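# Coordinate inspection notes
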Amino acid sequence: MSRLQNVMIASLRTVLGWVPDRWLPGSRPDALIGRVAAVGRHDVRVDGRAKVTGTARFAAEVAMDRLCYAALVHSTVARGRIARLDTTAAQAAPGVVLVLTHRNMPRLAPPDLIGVSNLSAIGNSSLPVLQDADVRYDGQIVAAVLAETQLQADHAASLVRVDYARADARTRFEQAKADARTPASILIEKNHETKGDADRALAQAAHAVDAVYTTPALNHNAIELHAVTVDWQDDALIVHDATQMVAATAATIARLFGLKKEQVRVFSPFVGGGFGGKGFWDHQIVAVAASKIARRPVRLVLTREGVYRSVGGRSPSEQRVAIGADADGRFTALVHTGYSVMPAYAACPEQFTLGSRVLYRAANVEFLQRHLDLDVVPNTFMRAPGEAIGTFALESAIDELAQAMGLDPIELRRRNEPERHPIHGHPFPQRALTKAYADGAQRFGWTRRAAEPGARRDGEWRIGMGCATGTYPYTRMPGATVRLTLRRDGTATVASSAQEMGMGTATVQIQHAADRLGLTTEAVSFELGDSMLPPAPFAGGSGQTASLLGAVTAAVKELIAELLKLAGNDSPVAGLRADEVQLIDGSVAGIADASRRERFQSLLARAGRDDLTVTATGNLPLEMLRFAMHSYSAIFCELRVSDVTGEVRVDRLLGSFDCGTILNPRTAASQFKGGMIMGLGLALTEETLFDARNGRIMNATLADYHVPSHLDVPEIEVMWTGIPDPRSPLGARGIGEIGITGVAAAVANAVFNATGRRVRELPITLDKLL
């Protein structure tokens, strides 16, 4: 996040602006776009049966001989130093194999921090792991115990006695604002962006809103706890990990422990939910070190409380949004600034202003984020980091302005729809947000909404409707690589170290590969979750699918070239160039003359080959810097608020999405709905309660931290425009994150429509409505 990075990104964008479109990825729309075949079908998940029958093996379920179990001891102070560490009782406890502390921990440097300048770096914290007696936050790991059983390890860990010399800790959000840092960049974007004079335009605006919105810290609660099973085999290391970043985890562990890359093998074929939290944390380092010292396999599963204590989540924020408009509702000023917590030792910003930069046109703008240093567990990415909470602030302010002007909030948004990216000026290759709103409003029955707040009632219940926009950027990461093997029997296998966290990675890539190869989906398999396979980028930023699509496309191109080399002069396709053939019905066939074709079986048999294998990497994702590529949503909510208790009951939720080609409607609907449910938690129930007196999380259990349950979740309907993006592989954009964005604002706006009370602080709880 440096000024040099800003200069480099700006220069690259300038150069790409001079490059003819035909030289860039997507210069010709993907030939498969619009084709009715496997892509677009409601195929069931290829791993579904394994998961529901229990044969899918997760990281904490791998059987190993002589396996021992780990339990962690966490700091109970936010800042200080260990003054006394007594492990005598723990070491003498039944079944104990090892007690690991900073005294006997191998000397290790911290991992490289995750960042855009080094995509192989995945560290969430630059703090040393069990290297000294210093304590930097409440929950930091200060010891680990290995024992023959988990119960023995847990008991022995409770016997470790630690006294601390406390130091003054920074734990108060408001006090930290005085020393806030202003980073030069947020991810790949310049942080402080201005155009014109926003303050002056705001003061002169015919209509204006200017308000502060706050969101709390949130914790990750994937159904599968963070887990790792480790086994040193001589000088080689086997790691079964619950991770979103298979290849990078193997490379990082190799660097930390002085191993060659090929000496570390990480398996992660199934992950029970990630959402940004299943990255690289201290517990993996501790488990690998403990196994090395004990010379035995080790399993370490974080408790639910352990996840809260040692794995970061979403940062709390305070955001100011100010909008000025002329008499016709055209924006003359848009300001989005604010604060979020990101300690100097953390790596993941909460980019809450980035969505505001792309959604609306305004003559004068200012965007700026500041980071606060608190002594807390380093924050990390959490589903739609930044956009989830940024759209709450922005879209609440839009609703406030519409109410003040007496305009329908959808109409106000329509009047400020940009034709190009409002900051960069880049063209939108595809943007149909207004269509998503029109379609969603019609399906939802938006015309039944009462313009006057509090006008609709049903006994004690006040009824309201609200809407909001969501957005999330398109991401295709560089370096995605696949190995493609075509066999004489007409089957094919695609292999990559990619991650499967429940989103249907293998399912949609099989559909894609089948169409590229001209095979049925039954003839194609997909191998993933193994660092020995060609490397895939980490599964995050809604970018894995598009990244793999690009790699598979590149591999099929290489395969065609190799097949034509094998064809020889006797083949019906002899003399045809790669761009003159297609793969269809298990054959290589001419495009202009489909009668010129030869089946894979015949071609490979004549060449004396049982199979043909190619490995390819997707081309550089230059389209991301040349075009404004984003997914969008229009979220609609209907709810009731009790006059008696203040209880909010959401009755209906509809998401109308504009995300390019939908590769599999079944898995896409699951992704959209899952994101929307997380949005309900953000809006109504979830909050990490942080005791500012001592820096300790007070509700580190699912009994006290409330994620939505089945009874909290209403009828959810999803729909989409399905319009392909001509610049992306298959015309697809990411869908993993977009579902959560806009939901909190839609709920808050519906609450206002029902009650006339504007809640600018999440979550919206009863006390704020009584």
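That block above? That's the structure.
A brief look at the structure comes next.

Cut-off values and rules
- Residues numbered from 1 in each chain as written.
- Predicted model: local features only at pLDDT ≥ 70, side-chain atom pairs only at ≥ 80, totals over all residues.
- Heavy atoms only, no water.
- Helix = DSSP H or I, 4+ residues; strand = E, 2+ residues; numbered from the N terminus.
- Rg over C-alpha atoms; globule rule 2.2 N^0.38 Å.
- Contact = heavy atoms within 4.5 Å.
- Areas by Shrake-Rupley, 256 points an atom, 1.4 Å probe, with all protein chains shown as cover.
- Lys, Arg positive; Asp, Glu negative; His and termini not counted.
- Charge placed at Lys NZ, Arg CZ, Asp CG, Glu CD.
- Pairing = 2+ DSSP bridges.
- 1 Å grid on protein atoms, 1.4 Å probe; cavity = no way out; pocket = protein on both sides within 12 Å on 5 of 7 lines; lining within 4 Å.
- Points joined across faces, edges and corners; volume = space filled by probe spheres on them.
- Salt bridge = Lys/Arg side-chain N within 4 Å of Asp/Glu carboxyl O.
- Buried < 20%, exposed > 50% of the residue type's maximum accessible area, 1.4 Å probe, protein only.
- Axes fitted to C-alpha atoms, helices over the stretch in contact; angles between N-to-C directions.
- Nonpolar A, V, L, I, M, F, W, Y, C, P; charged D, E, K, R; others polar.
- Core = buried A, V, L, I, M, F, W, Y, C linked by side-chain atoms within 4.5 Å.
- Expected span 1.5 Å × (residues − 1).
- Phe/Tyr/Trp six-rings, centres within 6.5 Å; stacked < 30°, edge-to-face > 60°.

### Brief notes about the overall build of the protein
- Across its full length, the protein carries 19 helices and 31 strands.
- On C-alpha atoms alone, the protein measures out to a radius of gyration of 27 Å, which is about the 27 Å that the 2.2 N^0.38 rule sets for 770 residues.
- Each of the three principal axes of the protein carries a C-alpha extent, and together these read 80 × 75 × 55 Å.
- Of the contacts made within the protein by residues no fewer than 6 positions apart, 81% connect residues no fewer than 24 positions apart.
- Accessible surface, the protein as shown: approximately 29300 Å² in total, 51% of it carbon and sulfur.
- In the protein, which carries 83 positive and 82 negative side-chain charges, the distance between the mean positions of the two groups comes to 2 Å.

### Observations concerning the pairing of strand β14 (residues 298–301)
- Where strand β1 (residues 68–74) and β14 come together, 3 bridges link them in parallel fashion. Counterpart to Ala70 in the pairing with β14 is Leu300.
- Where strand β11 (residues 227–233) meets β14, 4 bridges bridge the pair, whose relative direction is antiparallel. Looking across to β14, one finds that Thr229 is bridged to Arg299.

### Digging into empty space enclosed by the protein
- For the structure shown, the criterion picks out 3 cavities of 30 Å³ or more.
- Lining the largest cavity are Ile82, His102, Leu127, Pro128, Leu130, Gln131, Asp132, Asp134, Arg136, Gln140, Ile141 and Val142.

### Things to note about the pattern of salt bridges
- Scanning the model with the defined rule gives 44 salt bridges in all.
- The residue Arg462 makes a salt bridge to Asp643 at a minimum N-O spacing of 2.8 Å. Here the residue Arg462 occupies a position in strand β19 (residues 461–473), and Asp643 occupies one in the loop between β27 (630–642) and β28 (648–658), the gap between them amounting to 181 residues.
- Judged by relative accessible area, which is 23%, Arg462 ranks as partly exposed.
- Asp643 gets classed as partly exposed once you look at its relative accessible area, which sits at 37%.
- Three or more residues are tied together by salt bridges with common partners; here these are Asp138, Glu305, Arg309 and Arg696.

### Overview of the sheet that holds strand β20 (residues 481–487)
- Spatially, the 4 strands line up as an open sheet ordered β22-β21-β20-β26, and their pairing is mixed. Lying at the two open borders of the sheet, with one neighbouring strand each, are β22 (524–527) and β26 (611–617). Put simply, the sheet's adjacent strands are angled 15° from each other on average, direction ignored.
- In this structure, strand β21 (residues 492–495) lies alongside β22, joined through 4 bridges in parallel fashion. Bridging across to β22, Thr493 finds its partner in Ser525.

### Some remarks on the layout of surface pockets
- Approximately 1000 Å³ is the volume attributed to the second largest pocket.
- Those elements giving two or more residues to the lining of the second largest pocket turn out to be α14 (505–517), α15 (544–567) and β23 (581–584).
- With 6 residues, the single largest contributor to the lining of the second largest pocket is α15.
- Per-class residue counts for the lining of the second largest pocket are 15 nonpolar, 7 polar and 10 charged.

### Remarks on the nonpolar core
- Counting 88 residues, the largest nonpolar core has Ile323, Phe331, Phe636, Leu639, Phe672, Val747 and Ile764 as its most contacted members.
- Looking at this core element by element, the count peaks at 10 residues for helix α11 (residues 387–405).
- One finds Leu98, Ala248, Ile285 and Leu300 within the second-largest nonpolar core, a separate group that totals 49 residues.

### Structural notes on the environment of Phe173
- Following the sequence through the fold, Phe173 ends up in helix α5 (residues 173–176).
- Not counting the four nearest positions on each side in its chain, Phe173 is found in contact with Pro316, Ser317, Glu318, Tyr339, Val341, Leu372 and Leu374.

### What to know about the environment of Ile293
- Here Ile293 shows up in helix α8 (residues 282–294).
- Ile293 gets classed as partly exposed once you look at its relative accessible area, which sits at 34%.
- Measuring from C-alpha to C-alpha, the distance between Ile293 and Asn104 comes to 9.0 Å, with 189 residues separating the pair along the chain.
- When residues no more than four places from it in sequence are discounted, the contact partners of Ile293 are Leu98, Leu100, Asn104 and Pro106.

### Concerning α11
- Taking 1.5 Å as the rise per residue, α11 with 19 residues should run 27 Å; its terminal C-alpha atoms sit 26 Å apart, in good agreement.
- α11 sits mainly inside the fold: 17 of its 19 residues count as buried.
- Of the residues one or two after α11, Gly406 is the one with positive phi, at around 70°.

### Notes on the packing of aromatic side chains
- The full count for this structure, using the stated rule, is 11 aromatic pairs.
- Ring plane angle 25° and centroid distance 6.4 Å describe the contact between Tyr137 and Tyr345, whose orientation is recorded as stacked. Here Tyr345 lies in the loop between β16 (331–341) and α10 (356–359) and Tyr137 lies in the loop between β4 (134–135) and β5 (141–147), a separation of 208 residues in the sequence. A single burial state applies to Tyr137 and to Tyr345, both of which are buried.
- Considering the side-chain rings of Tyr213 and Phe392, the 5.9 Å spacing of their centres and the 85° angle between planes classify their relative orientation as edge-to-face. Note that Tyr213 is positioned in strand β10 (residues 207–215) and Phe392 in helix α11, a separation of 179 residues in sequence.
- On the basis of relative accessibility, which here comes to 0%, the residue Tyr213 falls in the buried class.

So, to be careful, I would describe these as geometric facts and stop short of saying anything about function.
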